[in-house]
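What follows is each chain in one-letter form.
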Amino acid sequence: MTQKTSVTAIVVFDIDGVVRDVGGSYRRAIADTVEYFTTQAYRPTPLDIDQLKSEGVWNNDWEASQELIYRYFETQKQSREQLQLDYSAIVAFFQSRYRGSDPNNFTGYICNEPLLLQPSYLEQLTQAGITWGFFSGATRGSANYILEKRLGLESPVLIAMEDAPGKPDPTGLFATVGLLENGIEQRLAVVYVGDTVADMYTVEKAQALDSSRSWIGVGVLPPHVQETAARGDAYSKTLLAAGAVVVLSNVQELTPRQIQELVSSAAQTVV
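Because the structure is predicted, anything quoted here is derived from the model rather than measured.

Draft legend 1. Representation of the overall build of the protein. Across its full length, the protein holds eleven helices and six strands. When burial is assessed residue by residue, the protein has 53% of its 271 residues classed as buried. Pairs at least 24 residues apart make up 72% of the contacts formed inside the protein by residues separated by at least 6 positions. Of the roughly 12300 Å² that the protein leaves accessible, carbon and sulfur atoms contribute 49%.

Draft legend 2. A look at the sheet that holds strand β4 (residues 190-194). If you trace the six strands from one edge of the open sheet to the other, you get β3-β2-β1-β4-β5-β6, paired in parallel fashion. Two strands in the sheet have a free side with no partner beyond their single neighbour: β3 (158-159) and β6 (246-248). Two strands pair when backbone bridges link them, and β4 and strand β5 (residues 215-220) are joined in this way by five bridges, in the parallel orientation. Pairing of Val-190 across the sheet is with Trp-215, part of β5. In this fold helix α6 (residues 119-127) packs onto β1 (9-13) and β2 (130-135), with an angle of close to 135° to the strand it touches most, β2. Running over the sheet, helix α10 (residues 229-241) touches β5 and β6 and is turned about 145° from β6.

Draft legend 3. Just the environment of Glu-253, in detail. Summarising the element assignment, Glu-253 is placed in the loop between β6 and α11 (256-270). Classification of Glu-253 by relative accessible area gives partly exposed; the value is 35%. A sequence separation of 136 residues divides Glu-253 from Leu-117, and the C-alpha atoms of the two residues are 9.9 Å apart. Once residues within four sequence positions are removed from consideration, Glu-253 is found in contact with Leu-248 and Gln-258.

Draft legend 4. Looking closely at the pairing of β5. Within β5, six of the six residues are buried, which leaves the element mostly enclosed by the surrounding structure. Residues Trp-215, Gly-217 and Gly-219 line one face of β5 and the alternating positions Ile-216, Val-218 and Val-220 line the opposite face, and both faces are buried. Handedness of the β4-helix α9 (residues 197-209)-β5 crossover: right-handed. Pairing geometry for β5 and β6, over three bridges, is parallel. Pairing of Val-218 across the sheet is with Val-246, part of β6. A crossover connection joins β5 to the parallel β6 through α10; in handedness this β-α-β unit is right-handed.

Draft legend 5. View of the packing of aromatic side chains. Enumeration over the complete set of coordinates arrives at 14 aromatic pairs. Pairing Tyr-26 with Tyr-98 gives two aromatic rings, centres 3.9 Å apart and planes at 15°, and the pair type is stacked. Here Tyr-98 lies in helix α5 (residues 87-98) and Tyr-26 lies in helix α1 (residues 26-37), a separation of 72 residues in the sequence. Residue class for Tyr-26 comes out buried when judged on its relative accessible area of 7%. Residue Tyr-98 is classed as buried on the basis of its relative accessible area of 1%. We note Lys-167 situated over the ring of Phe-135; from NZ or CZ to the ring centre the distance is 5.2 Å.

Draft legend 6. Structural context of empty space enclosed by the protein. In this structure the tally under the stated criterion is one cavity of 30 Å³ or more. Roughly 250 Å³ of volume is contained in the largest cavity. Residue lining of the largest cavity: 25 residues in total, with Asp-16, Tyr-26, Lys-53, Asn-59 and Asp-61 positioned closest to the centre. Where the lining of the largest cavity is concerned, the elements lending two or more residues are α1, α3 (61-75) and α5.

Draft legend 7. Representation of the side chain of Ser-142 within the structure. Its place among the elements puts Ser-142 in helix α7 (residues 140-150). At 3.2 Å, the side chain of Ser-142 and the side chain of Tyr-26 are in polar contact. With sequence-adjacent residues up to four places away left out, Ser-142 is seen in contact with Arg-20, Tyr-26, Tyr-98, Phe-106 and Ile-110.

Draft legend 8. Summary view of α6. Of the residues making up α6, those classed as buried are Tyr-121, Leu-122, Leu-125 and Thr-126. Buried positions in α6, seen along its axis, are confined to an arc of 145° and lie on one side of it.

Draft legend 9. How the structure looks around the confidence of the model for the protein. Summary statistics for the protein give a mean pLDDT of 95 and a share of 97% for residues scoring 70 or more. Segment residues 1-5: pLDDT under 50, and eleven contacts once partners within four positions in sequence are set aside and those in other chains are kept.

Draft legend 10. Seen up close, the side chain of Glu-181. Within the secondary structure, Glu-181 is located in the loop between α8 (171-180) and β4. Relative accessible area serves as the criterion here: at 17%, Glu-181 is assigned to the buried category. Among the polar contacts made by the side chain of Glu-181, one reaches the side chain of Arg-213 at a distance of 2.8 Å. Apart from the residues within four sequence positions on either side, Glu-181 is in contact with Ile-10, Arg-187 and Arg-213.

Cut-offs and rules
- Residues numbered from 1 in each chain as written.
- Predicted model: local features only at pLDDT ≥ 70, side-chain atom pairs only at ≥ 80, totals over all residues.
- Heavy atoms only, no water.
- Helix = DSSP H or I, 4+ residues; strand = E, 2+ residues; numbered from the N terminus.
- Buried < 20%, exposed > 50% of the residue type's maximum accessible area, 1.4 Å probe, protein only.
- Contact = heavy atoms within 4.5 Å.
- Areas by Shrake-Rupley, 256 points an atom, 1.4 Å probe, with all protein chains shown as cover.
- Pairing = 2+ DSSP bridges.
- Axes fitted to C-alpha atoms, helices over the stretch in contact; angles between N-to-C directions.
- Right-handed = clockwise from strand over helix to strand, strands pointing away.
- Phe/Tyr/Trp six-rings, centres within 6.5 Å; stacked < 30°, edge-to-face > 60°.
- Lys NZ or Arg CZ within 6 Å of the ring centre and 35° of its normal.
- 1 Å grid on protein atoms, 1.4 Å probe; cavity = no way out; pocket = protein on both sides within 12 Å on 5 of 7 lines; lining within 4 Å.
- Points joined across faces, edges and corners; volume = space filled by probe spheres on them.
- Polar contact = N/O pair within 3.5 Å; in protein donor to acceptor, adjacent residues only side chain to side chain.
- Arc of directions from axis to C-beta.
- pLDDT = per-residue confidence, 0-100.

Here is the structure:
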């Protein structure tokens, strides 16, 4: 990466919906899982899943699947206590769809996730004096598959599901920044790029806990909400209301120049 003295900003990326399109993978696996555990009575739509995630606390897709199952049965006048869902069984079924049934090789939906950025974009950031890494609620295996195997990155800075509490807890964001700023003396501004309300809430919590630097939330519209203008607009408004300073249709629209402008603007606000 660049020499430490030349770094002017830190950018941390979420992965799902930002680096890769998970509309046909994670979200499809959620729908499959809910459908299976409601004995084919209910398959959540992409909008159903978005509405759940807009609550800001369902970043973990296994927990989101379980919650949707609970909520369906509650509409059928069954209580959560009556159901006694087996969370481990939900996780196992979800993983069988997302990762596939082969424990040694990915064969599931993960294999067909479209990339939303190219390595050349990250190289542009490095050349502009911007250091970068990843903080994701995805498992380390899933995250490394996309970062190392698909994008060809060599040992990128990554804090994954196993490494920190789930978002919107900012512990993982702090840990990522700590790894990225190793050797950097000044307290640089941090830009966190995400596609969900939980991502934006994470930035707000980070700012509340550490006001010694600027924390900037940048929203990205995941591809599945861009199918109609109305849905994209509604999703943008949700991210802005959750704290995003700007919402983009693709992560690569966040150019080095725009990053510097956001950092400068944030610094003026603090002053």
